[in-house]
Amino acid sequence: MIPAAFDYARPSSLGDAVEALTDAGEDAKVLAGGQSLLPLLRLRLAYPTVLIDLGRVPELQGIADEGDHIRIGAMATHDDVVRSPLVNAACPLIALATATVADPAVRHRGTFGGALAHADPAGDLPAVALALDCVFLTRSASEGREIPAAEFFVDYLETAMDPGEILVAVKVPKLGAGWGYHYEKFHRTAQSWATVGVAAAVHRDDGTIQDVKVALTNMGSTPVRAGAVETAVRGLDPHDATSLAAACDQADQGTSPPADLHAQPDYRRHLARVLTRRAIRRAADLEPG
Amino acid sequence: MTEQLTREPATGEVGRARRRKEDARLITGRTQWTDNIHLPGMLHVAFLRSPMAHAKILRVDTSAARGLPGVVAVYSGEDFAAEQGSLPCAWPVSDDCVIPEHPPMAVSRVRYPGEAVACVVATDRYRAADALEAIEVDYEPLPAVLDMTGALTDAAPKVHESGNKAFTWKFAGGDIDAALQDAPVVVERTYVQQRLIPSAMEPRAVVATTDGDSFTLYSATQIPHILRVMAALTTGIPEHKLRVIAPDVGGGFGSKLQVTAEEILALLITRRLGRPVKWTESRSEGNLTVHHGRDQLQRITVAADRDGRLRGLKVDLLADMGAYLMLVTPGVPVLGAFMYNAIYKMDAYDFTCTGVFTTKMPTDAYRGAGRPEATFAIERIMDELAAELGLDPLDLRRRNWIAHEEFPYTTIAGLTYDSGNYEAATAKAMELFGYEELRAEQAARREAGDPVQLGIGVSTYTEMCGLAPSRVLGALAYSAGGWEHASVRMLPTGAVEVVTGTSPHGQGHVTSWSQIVADALGVPFEAVTVLHGDTAVSHKGMDTYGSRSLVVGGVAVLRACEKVKEKARRLAAHMLEAAAEDIEFDAGSFRVKGTSAAKSIQELAFAAFAAHNLPDGFEPRLDADATFDPENFSYPHGTHLCAVEVDTETGMSKIRSYVAVDDVGNVVNPLIVEGQVHGGLAQGIAQALYEEAVYDGEGNLLTTTMADYLLPTALDLPDFITDRTETPATTNPLGVKGVGEAGTIASTPAVVNAIVDALRPYGVTDVRMPCTPERVWRAIHGSSS
Amino acid sequence: MPRITVTVDGVGYEEEVEPRLLLVHLLRDTLGKTGTPIGCDTTNCGACTVLMDGKSVKSCSVLAVQADGSEITTVEGLSANGVWHPMQRAFHEEHALQCGFCTPGMIIAAIDLVRTDPDPDDATIREGLEGNLCRCTGYCNIVRAVRRGAQEMGVNTP
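Residues numbered from 1 in each chain as written. Chains lettered and ligands numbered in written order. Predicted model: local features only at pLDDT ≥ 70, side-chain atom pairs only at ≥ 80, totals over all residues. Heavy atoms only, no water.

Looking up chain C in an unreviewed UniProt entry gives the name Carbon-monoxide dehydrogenase small subunit, with the organism given as Sinosporangium siamense.

An unreviewed UniProt entry annotates chain A as Carbon-monoxide dehydrogenase medium subunit originating from Sinosporangium siamense.

Structure follows, in structure tokens:
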């Protein structure tokens, strides 16, 4: 199918991009990698009047070490992220989850920032960003903001960003030594979206789980932090299968999973419990990768 | 696996794993898909489609669209009402079969979502798409008719004035009441054959053009010859003024065995405008409007003695026709009718099928067409019967199948199976699979309460294919025959031009036919070319579907070669001054017995061309036409074994190993045969695990994209282990049986049987297809959604 | 209308395009490079995969204007002087195609895979091809072909 007509702007600086977006008004859309947007346009599910192409804005590129965190430019592609030695060394959960996004060709075009700003709760990266307490750096004509992940995802396909605001980069905290990671993605075919996904980071010390971060994909209109599980799991011996399972049985607390072609809510709740347990065990290095 | 490729090398071309002649252009992008065709002055057509399942069309206002840039014409159904005719159904299966009018473009009422209600003709595809949005249509919604059982009640809203029943078709063999009465064991089940979307990779496309007198229709079709006849009858364009070309066609699987609204309308539009027009389908348009497959509700009852011997089989089928009867819509379940009894002997068989109209896309042929449904039901219930009797599923089958020494065998359904060896195929499959070892592992996992359980699925299938026999098809009320035609021409230089009536779209006919000709005429494989898919070149034919091309069309090629050879023999005798009966043929050379005097077929071809010294009455050509119309179907069979690991916590099923041992008779090209089996397996497995066309409660199709209708990727399918037994067919001189559909027919029940087998300890006796993780999980936990 | 320059299979083009023009339509309809087909609307099928500046992309989900200044390689640009690319040859030898509609995208995706992993195992190959659907082959022969093509590419690339 074929998109409806739109105007096109290709700013070459962040300032120009913000200005173009502001000038274009509320029916403008930002074009990042386009891997979600272009199918929507082709199916005529969206009718933007103007597309602001961020592909040539240098400020949005790059992955940098900034001490206690790394900064991933919004326009870094999924492929850049997966292959980044920095990401793999300092924030491997990001690389693990990004490698499950779509397929290689889509990962060559799709961007880290685009996937997060799209805020699809079935997408893999929002839950990861939430689990890791990432911080979103944005820019509008009037100001730059830092938005914590916990506040960034507002509703289905909706973020805390204002219409004139552009996502510039994401700060991913380095968790340091002693952490293990896993992203457990459950889907019917390799191409299908996660029925449920679980992002987990586990810090083990002295045989017990000292700290844990867990967030869920596709268990509500936004990614969901599994706070009850995190509380219940802290201090547990990960080898204690019964206690771990009991703790993970709280994984669906506070979720409102959708009903769709691939699963009903009660099944998603069940999956969240099982997959959270598996993700934590894998992150704690108890099951082979 | 490639076992068969390393067997004893074939001495001739037939049997060799020749690499395909077709590949060169396909791997370099020098293809001619219909959408690639660009003609001077060509316009693009886009269709506006009904967003409703069922509605009256109150008004179609095209005026705003007409004025838009690039728009040449805008039409609604009213504009075509006087000339568009009705899309054909060639298979009125019974006397009571109702064939409703099926206008290519809806005029006053729409009966399925996606039905065309208007179209734009514009200078390019972008402007055509834009103008669609300016057409206004007022609908008065009518209730959707979605459920077959409900549709047959008196209170149901009617899809057509005549009601929702399309036909009833019955078959009875033996005394079913006697067989069921007092039977020690009776098992009754209901199986759901979900609706499938065939999903050939190439979307449909049509180009129509006219010089004012004659018309040419390019279409991504499997059936250029049938399409020509049907399009002529529908549009009134005289048959001899209509040429149909199937250029490169990117897969079909039955979905391009159709006479479509878009083909007819493209002809009507080019007739009106006098300019070439093109329409290319988008995938989301195709998911709505390419005919769907399957969609049957099967109630099946089997009666047996305590020792497992089958007494009788009763099948009561509801088949969803969708909103209209298309080319062979009603024939699909009828083709299945002869296959429920499968490879088994029994005393009685009773079959009833009711075709039901609903407000969904019409169903029609999809890979296997009726036989996969039948095979699924019988192979599933054989496993249920085995469980009931406490027998190994293979043991139960052994007790009932036709022994190899019993062939030819006339079944309870009235077919005569010419050949087969179920014992040999099963033994080979069990060995490749490691059947006993896997059963031991299964027992150990059950014993240990492993959360990942192992299941073993069996499918000992046969099928009827090679459609063909015209007489039988006629007896089943099919409107046409099933013969196939070929021409073989020796060219002056000694090259050979073959014209086939089959219409390949991935099957490799050019390669296989070349192998047949190379052996038959003793010419090099490279010296043969095969022409097809153009009614101006291939003037008669019955096209490609139903695993018929080799069994019927390949044999026609062989027969034409035999005729050419006889002519050549006569010419050789004349030139060598010998009697024709003293000429022996070997490897392309005609030799006078006991001498060294000989003429090569190439020399004879040139001599026939030069015509300087021909026998009296000998026409100056070395070519021949032949048709073949076998007297029987062919009956491939085989044993498929599938091991599935089921994660009982999540319900996810993963195929661990899959063994397919097929007997497709003699093999012309083992590489192509293996490829057909692989692809067939993929589609059959996909029905078991992944695919389903889903309509919601209002009758909207939810699976309109490939993001929603899940096709398996390379990661979702295992590496298949395939092998063959070779029991030649006795019904054709090549001894071949057909292979296009076997894999699809066999594999679906093998996978579901494996899943159910894994879950028997949990009391599970069935999982509805596709066996999604959620359905498996609910089956284990006894809840339904 | 924006003016773009793009190199396709070694030939430079300068075109005025509508912003909404898809790269695949630029290739097929504007430039006549019909070797790259279109199989879906949603980036699932991968039939339209081409190399853009050396990396695989789905040309149905890239705007022509986004390709401004880039170098595109389609299946039509893989052979050199009539000699098939090793991956093309491997697809032929292993019977890794039937109807051939997915083949251009499949071959491009395979070449991209080998670019990043010169010696992929079967699991890696299957992962690398997850964005390319084939309805004919069941993928077994495609996996074999990619393995073979990778080996031959290591030895000899035109």
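1. Some details on the sheet that holds strand β28 (residues 721-724) of chain B
Residues and elements named next belong to chain B. Formally: DSSP-based pairing: two strands are paired if at least 2 bridges between them are found. To qualify as a helix, a DSSP run of H or I must reach at least 4 residues; to qualify as a strand, a run of E must reach at least 2; elements of each kind are numbered from the N terminus. Whenever a helix is involved, its axis is fitted only over the stretch in contact; in every case the axis is a line through C-alpha atoms, and angles between N-to-C directions fall within 0 to 180 degrees. Here, residues are in contact when the closest pair of their heavy atoms is within 4.5 Å.
With respect to topology, four strands assemble into an open sheet ordered β18-β26-β27-β28, the strand pairing being mixed. Whereas interior strands pair on both sides, the edge strands pair on one side only; in this sheet they are β18 (452-462) and β28. Between one strand axis and the next, the sheet turns by 10° as a mean value, whatever way the strands run. Strand direction decides the pairing type here: strand β26 (residues 637-647) and strand β27 (residues 653-663), joined by 10 bridges, are antiparallel. For V646, the partnering residue across the bridge sits in β27 and is S653. The strands that helix α12 (residues 393-400) touches are β18 and β26; relative to β18, the one it contacts most, it runs at about 15°.

2. Considerations on helix α4 (residues 125-132) of chain B
What counts, and what does not: Only protein chains enter the accessibility calculation, which uses a 1.4 Å probe; a residue whose area is less than 20% of its type maximum is buried, one above 50% is exposed, and one in between is partly exposed.
For α4(B), the tally of buried residues reaches six of eight residues, placing the bulk of the element in the interior. Taken as a whole, α4(B) has its buried residues at B:R125, B:Y126, B:A128, B:A129, B:A131 and B:L132. Structurally, α4(B) contributes buried residues whose contacts are with β1 (43-49), α2 (63-66), β3 (71-76), β5 (116-122) and β12 (277-280) of chain B together with α1 (23-30) of chain C.

3. Describing the interface of chain B and chain C
Rule in force here: The term buried area refers to how much accessible surface (probe radius 1.4 Å) is lost by two components on association, counted for both of them together. Take a side-chain nitrogen of Lys or Arg and a carboxyl oxygen of Asp or Glu: if they are within 4 Å of each other, that pair is a salt bridge. Any N or O atom pair separated by 3.5 Å or less is treated as a polar contact, with the protein-specific requirement of one donor-capable and one acceptor-capable atom, and with residues adjacent in sequence counted only for side-chain atom pairs. Gly is placed with the polar residues, together with every amino acid not listed as nonpolar (Ala, Val, Leu, Ile, Met, Phe, Trp, Tyr, Cys and Pro) or charged (Asp, Glu, Lys and Arg).
Each side of the interface is counted separately: chain B has 56 residues, and chain C has 49 residues. Here chain B and chain C share an interface that buries about 4,400 Å² over both sides, 55% of which is from carbon and sulfur atoms. Among the residues of chain B in contact with chain C, B:I27, B:Y126 and B:M201 are the three that bury the most area, contributing 19% of the side total. Between C:R20 and B:D130 there is a salt bridge, with its nearest N and O atoms 2.6 Å apart. At the boundary of chain B and chain C, one finds 25 residue pairs in polar contact (both at pLDDT 80 or more). Of all the elements in the fold, those that place two or more residues in the side of chain B that touches chain C are α1 (23-28), α4, α9 (283-289) and α19 (670-689) of chain B. If one sorts the elements of the side of chain B that touches chain C by residue count, α19(B) sits on top with nine residues. Broken down by class, the residue content of the side of chain B that touches chain C amounts to 25 nonpolar, 19 polar and 12 charged.

4. Quick notes on the interface of chain A and chain B
The interface of chain A with chain B comprises 26 residues on the first partner and 31 residues on the second. Summing both partners gives a buried area of about 2,400 Å² for chain A against chain B, and 60% of it is carried by carbon and sulfur. At the surface where chain A touches chain B, the tally comes to six salt bridges. With its nearest N and O atoms 2.8 Å apart, the salt bridge here joins A:R278 to B:D647. Sort the elements by how many residues they give to the side of chain A that touches chain B and helix α12 (residues 265-283) of chain A lands first, with eight residues.

5. A look at unusual backbone geometry
All names here are of chain B. Residues F407 and P408 are joined by a peptide bond in cis, for which omega reads -5°. Inspection of the secondary structure puts P408 in the loop between α12 and β16 (409-410). Between M769 and P770 the backbone carries a cis peptide bond, its omega angle lying at -15°. Among the secondary structure elements, P770 is positioned in the loop between α20 (742-759) and α21 (773-781). With a phi close to 60°, R294 is a non-glycine residue in the positive phi region. By secondary structure assignment, the location of R294 is in strand β13 (residues 293-304). Positive phi values are uncommon outside glycine, yet A587 reaches one of about 50°. Mapped onto the elements, A587 comes out in the loop between β22 (583-586) and β23 (589-592).

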